[in-house]
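# Summary of structural features
One-letter residues, chain by chain:
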Amino acid sequence: MRKVLFFLCAVFAFQAASAQNRNFNRICKLPATKKIDVSEFECIYDYWVQDTVLERWNKREMILLVGKKWNKYMNYNYFRLDSVISTKDKSKLTVGQYESIKKEYDIEWGSDMTSFILKNKTDGMLQVYDRVMLDRFVYSDSIPKWNWKLHNETKKYCGYVCHKATTRFRGRNWVAWYCDLPVSEGPWKFSGLPGLILAVYDTSTNQRFIANTVRKKQNAIVLVDRKEMKTTRERFNKALKEYKGNAGTMIANSGLVQKVTSTNGDSGPSYKRIFFNPIELK
């Protein structure tokens, strides 16, 4: 009997490995991309967020690409992944090769690292591309009319003398430090100051953007052709908050996992909160 079980296990393992190899060897079907501009200026930021409920910090690198007509703000690792993929022959790139490159740049499947913001300078609108669990969304938002107050204080970031400015926006009080580079832009949705914003944080200091690299460089600003669902900022933020606060329930109800009932009648999975601290509180 043991020999039979061992044989069956070996067969199943071989079949699973064979299926995985077939899957990894097939050509990767990547979404089409459209070049919409070329960056003239780039800034890389360390973005720190603290979840005050879980008492944990999360850090990621983000990049701002500033073009003539468009800006793009996105995860720096995903930008690097896109740059590498653009040098490959996509008609021959296998799933295994693509997954290997993703692993090199620490890209997790289903993560929010693919989220980005496009700013159209000609019509004064932002397009925010983001996701809730596996669902992709896009919503339009007008470029904020920032009510900045300028101060006389100065600090240095990335070797540049920066000037202080403060404002309140959607539930948070912000402190920004901008340099004399004539680029009236910044990370996320920030803009509207006399120079490039190199640091900005809220007064609670649990949201921080600090520049680590400033450079003049030309890179393609591209739009990925995916099938996002259109929504509004309010609806998206509400859905994201519900998911992050009760992820287990949403995953269980999605049918992606099977509920397991224990002897005492409780069903899994554990309905735990996911790391979350929204940048917009209103």
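Located above this text is the structure these notes cover.
Read on for an overview of the structure. (Residues numbered from 1 in each chain as written. Predicted model: local features only at pLDDT ≥ 70, side-chain atom pairs only at ≥ 80, totals over all residues. Heavy atoms only, no water.)

## Describing the overall build of the chain
The secondary structure content of the chain amounts to 5 helices and 14 strands. Among the 282 residues that make up the chain, the fraction classed as buried is 43%. A separation of at least 24 residues holds for 59% of the contacts in the chain among residues at least 6 apart in sequence. Counting only carbon and sulfur atoms, one obtains 52% of the accessible surface of the chain, whose full area is about 16,600 Å². (Helix = DSSP H or I, 4+ residues; strand = E, 2+ residues; numbered from the N terminus. Buried < 20%, exposed > 50% of the residue type's maximum accessible area, 1.4 Å probe, protein only. Contact = heavy atoms within 4.5 Å. Areas by Shrake-Rupley, 256 points an atom, 1.4 Å probe, with all protein chains shown as cover.)

## As for the pattern of salt bridges
In total, this model carries 12 salt bridges according to the counting rule given. Between R215 and E42 there is a salt bridge whose closest N-O contact spans 2.9 Å. Remark: E42 occurs in strand β2 (residues 41-51) and R215 occurs in strand β12 (residues 207-215); sequence separation between them is 173 residues. Per residue, the accessibility class of R215 equals that of E42, and both read buried. (Salt bridge = Lys/Arg side-chain N within 4 Å of Asp/Glu carboxyl O.)

## Some details on the nonpolar core
Note that soluble globular proteins tend to have their nonpolar side chains buried in a common cluster. Ranked by internal contacts, the top residues of the largest apolar core, which has 50 residues, are W148, W188, F190, L196, I197, L198 and F209. Excluding its chain neighbours within four sequence positions, the residues that come into contact with W148 are A165, T166, T167, A176, F190, S191, G192, L193 and I197. With 20 residues, the next largest nonpolar core counts I44, L81, I101 and I221 among its residues. (Core = buried A, V, L, I, M, F, W, Y, C linked by side-chain atoms within 4.5 Å.)

## Points about the packing of aromatic side chains
One pass over the structure, following the stated rule, counts 13 aromatic pairs. Aromatic side chains Y76 and F79 sit 6.0 Å apart centroid to centroid with 20° between the ring planes, which places their arrangement in the stacked category. Of this pair, Y76 and F79 both sit in helix α2 (residues 76-85), separated by 3 residues, roughly a single helical turn. Side by side, Y76 and F79 carry an identical accessibility label, which is buried. (Phe/Tyr/Trp six-rings, centres within 6.5 Å; stacked < 30°, edge-to-face > 60°.)

## Points about the pairing of strand β10 (residues 172-178)
Burial analysis of β10 places 6 of its 7 residues in the buried class, which makes it a mostly covered element. Linking strand β9 (residues 160-169) back to β10 in an antiparallel pair, the connection comprises 2 residues, with R170 at a positive phi of about 45°. (Pairing = 2+ DSSP bridges.)

## Details of the environment of F41
Tracing the backbone through its elements, the reader meets F41 in strand β2. Residues F41 and N71 lie 30 residues apart in sequence; the distance between their C-alpha atoms is 9.7 Å. For F41, the residues in contact, after removing those within four places along its chain, are L64, L65, V66, L181, V183, L196, V214, R215, K216 and K217.

## Observations regarding the packing of α2 against helix α3 (residues 95-104)
Following both chains from N to C, one finds α2 and α3 inclined at 145°, their axes separated by 10 Å at the closest point. Like other packed secondary-structure pairs, α2 and α3 cross with a definite hand, here right-handed. Facing Y78, L81, V84 and I85 of α2, the residues of α3 in contact are Y98, I101 and K102. Across the contact of α2 with α3, the residue classes tally to 6 nonpolar, no polar and 1 charged. (Axes fitted to C-alpha atoms, helices over the stretch in contact; angles between N-to-C directions. Left-handed = near helix turned anticlockwise from the far one by under 90°. Nonpolar A, V, L, I, M, F, W, Y, C, P; charged D, E, K, R; others polar.)

## Structural notes on the sheet that holds β9
With mixed pairing, the 12 strands of this open sheet are ordered in space as β8-β9-β10-β11-β12-β2-β3-β4-β5-β6-β7-β14. Since the sheet does not close on itself, it has two edges, and those belong to β8 (149-157) and β14 (229-230), each with one partner. Pairing of strand β6 (residues 125-132) with strand β7 (residues 135-142), which is carried by 8 bridges, proceeds in the antiparallel orientation. For M125, the partnering residue across the bridge sits in β7 and is S142. Along the sheet face, α2 touches β2, β3 (56-66), β4 (70-75) and β12 and points at about 105° away from the line of β4. Packing of helix α4 (residues 233-245) onto the sheet brings it into contact with β6 and β7, and relative to β6 it is tilted by some 25°.

## Describing α4
Its 13 residues give α4 an end-to-end C-alpha distance of 18 Å, which sits within 8% of 18 Å, the value for a rise of 1.5 Å per residue. Where α4 is concerned, the buried positions are R233, F236, L240, Y243 and K244. Buried positions in α4, seen along its axis, are confined to an arc of 100° and lie on one side of it. What points out from α4, more than 90 degrees from its buried face, is the exposed set E234, R235, K238 and K241. (Expected span 1.5 Å × (residues − 1). Arc of directions from axis to C-beta.)

## Side note on the side chain of T94
Along the polypeptide, T94 turns up in the loop between α2 and α3. We classify T94 as buried; its relative accessible area is 16%.

In short, the description is geometric, and any link to function would need to be established separately.
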